[in-house]
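# Descriptive structure summary
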Amino acid sequence: QVQLVESGGGLVQAGGSLRISCAASGRTFSSYAMAWFRQAPGKEREFVAASTWSGGTTYYADSVKGRFTISRDDALNTVFLQMNSLKPDDTAVYYCAANPGWPGRSLGGYRYWGQGTQVTVSS
């Protein structure tokens, strides 16, 4: 079984930066895709960023492109989301997801999910 645990969320001022982490335990293969989604109150969960486990292919939502970066640390089996130039609209619960394949931006294509970490951007 693959377990995902997010951390690093918190309160940050608009224009600031924050890095959140997703630690994977259990068996994770090099072919697993990793992704970040987010959900704001009253809104549907939306795609943020995704990458093959090797990092060879990445995708970003238009709303975060140029501001957010997805990366990984192979030794720690951890995926990161570096968030820069944060806006109040970025406020949401951020979820980590993984899948033994490449579903890309598709929420329904990811098999494993974390419990989420809250990111709040003040105006």
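Residues numbered from 1 in each chain as written. Predicted model: local features only at pLDDT ≥ 70, side-chain atom pairs only at ≥ 80, totals over all residues. Heavy atoms only, no water.

A word on the state of the cysteines. Cysteine pairs can be covalently joined through their sulfur atoms, and such a bond is termed a disulfide. Evaluated as defined, the whole model comprises one disulfide. Note that Cys 22 is cross-linked by a disulfide to Cys 96, the S-S spacing being 2.0 Å. Across the S-S bond linking Cys 22 and Cys 96, the dihedral sits near -75°, which makes this disulfide left-handed. Taken together, the positions of Cys 22 in strand β3 (residues 18-26) and Cys 96 in strand β9 (residues 92-99) put the pair 74 residues apart, joining distant regions of the chain. We classify Cys 22 as buried; its relative accessible area is 0%. (Disulfide = S-S within 2.5 Å. Helix = DSSP H or I, 4+ residues; strand = E, 2+ residues; numbered from the N terminus. Buried < 20%, exposed > 50% of the residue type's maximum accessible area, 1.4 Å probe, protein only.)

Let us now look at the environment of Cys 22. Once the C-alpha coordinates of Cys 22 and Phe 80 are considered, the two residues, 58 residues apart in sequence, prove to be 6.2 Å apart. Other than its neighbours up to four places away in sequence, Cys 22 contacts Leu 4, Val 5, Glu 6, Met 34, Trp 36, Asn 77, Thr 78, Val 79 and Cys 96. (Contact = heavy atoms within 4.5 Å.)

On their own, these measurements won't tell you what the molecule is for.
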